[in-house]
Amino acid sequence: MNTKTTQADLESIAAIVDSAAHNAEAIQQLSLQGHTLSLAEAYQVQRLSLSRRIQRGERQVGIKMGFTSRAKMVQMGVDDMIWGPLTDVMAIEDGGEMDWSRFIHPRVEPEIAFLLKRPLSGNVSLAEAMSAIEAVAPALEVIDSRYQNFKFSLEDVVADNCSSSGFTVGAWQKATVDLSNLGMVMEFDGNPVQIGSSAAILGNPYRSLAAAARVAGEAELELEAGCIVLAGASTAAEALKPGVHVKLNAEQLGCAEFKVSRA
Ligand code: OOG
Ligand code: MG
């Protein structure tokens, strides 16, 4: 079907994905529910569902980049980079507890976070992106697709705010660390479950920050000073279980960790 998608359609689709996220209830993929969105429309749905979160009192604190590594693209069967907003409600304190009841089928992935000291938007060189960084930190991202069986098309996942649902940022470090090839080991209860290198993130995570500036510019947005940018996972994501203790050890950067509550 190629009937035109109206603004009202986009708003009702945003209500569907937002309620699924808010109530932690899995839904059928939009593409299987008869909603065939273009990528641009999927980003409009994402923005409308962010507005619903903001109306509930959530505050945007940053953005996350997704599918910036081959490992993630292969795991999820997609072949393009995506991005979506992070809000304060998604933050899990470093060393704190993740409330299992707020999630459907959460997975966790090892990441790197940037904190900006200057705004960034549009086409910027790697050097410009790097000079806008206040600090870097090891980070864990919790993703929780609202779609049954964690299955989606690129448009589906973009409309679902790129599966964003939680993130933990470890202690901030000086922005002078060379991030091009740092070992990253993610452990469950002390046992390594994913091992990779920061090089897996677009060859160098700074490229992901430059890409974040570019996509923000395309969306006529600015990454503001104080904003957090997650560069994307360096390995495949790992399914979480109640009670598990998750820890990322990132070479030179240190650790980020949280404990999942009991079911
Ligand atoms: C989409 C989110 C991808 C990453 O770091 O690559 C992502 C998903 O896999 O559900 O956050
Ligand atoms: Mg991620």
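Just above, that's the structure.
Draft legend 1. Fine view of the environment of F152. Take F152: it is sitting in the loop between β5 (133-143) and α5 (154-159). Residues F152 and M76 lie 76 residues apart in sequence; the distance between their C-alpha atoms is 8.1 Å. Beyond its immediate sequence surroundings of up to four residues, F152 is in contact with Q29, F67, M76, S145, Y147, V157 and S163.

Draft legend 2. Just the pairing of strand β12 (residues 245-250), in detail. Going residue by residue along β12, you find V246, L248 and A250 tucked away on one face and H245, K247 and N249 left uncovered on the opposite face. In this structure, strand β8 (residues 183-188) lies alongside β12, joined through five bridges in antiparallel fashion. In the sheet register, E187 faces β12, and the bridge partner there is K247. Direction of pairing for β12 relative to strand β13 (residues 254-260): antiparallel, over a ladder of six bridges. In the sheet register, N249 faces β13, and the bridge partner there is C255. Here β12 folds back onto β13, and the loop between the two strands holds three residues, one of which, Q252, carries a positive phi near 70 degrees.

Draft legend 3. Expanded view of the coordination of the magnesium ion (ligand 2). With distances of 2.0 Å, the protein atoms coordinating the magnesium ion (ligand 2) are E109 (OE), E111 (OE) and E141 (OE). Taken in chain order, the donor set of the magnesium ion (ligand 2) reads E-x1-E-x29-E. Of this pair, E109 sits in strand β4 (residues 107-116) while E141 is found in strand β5, placing the two residues 32 residues apart along the sequence. E141 matches E109 in its accessibility class, with the two residues each being buried.

Thresholds applied
- Residues numbered from 1 in each chain as written.
- Chains lettered and ligands numbered in written order.
- Predicted model: local features only at pLDDT ≥ 70, side-chain atom pairs only at ≥ 80, totals over all residues.
- Heavy atoms only, no water.
- Helix = DSSP H or I, 4+ residues; strand = E, 2+ residues; numbered from the N terminus.
- Contact = heavy atoms within 4.5 Å.
- Buried < 20%, exposed > 50% of the residue type's maximum accessible area, 1.4 Å probe, protein only.
- Pairing = 2+ DSSP bridges.
- Donors = N, O, S within 2.8 Å, 3.2 Å for Na, K, Ca; no water.

These values are about where atoms sit, not about what they do.
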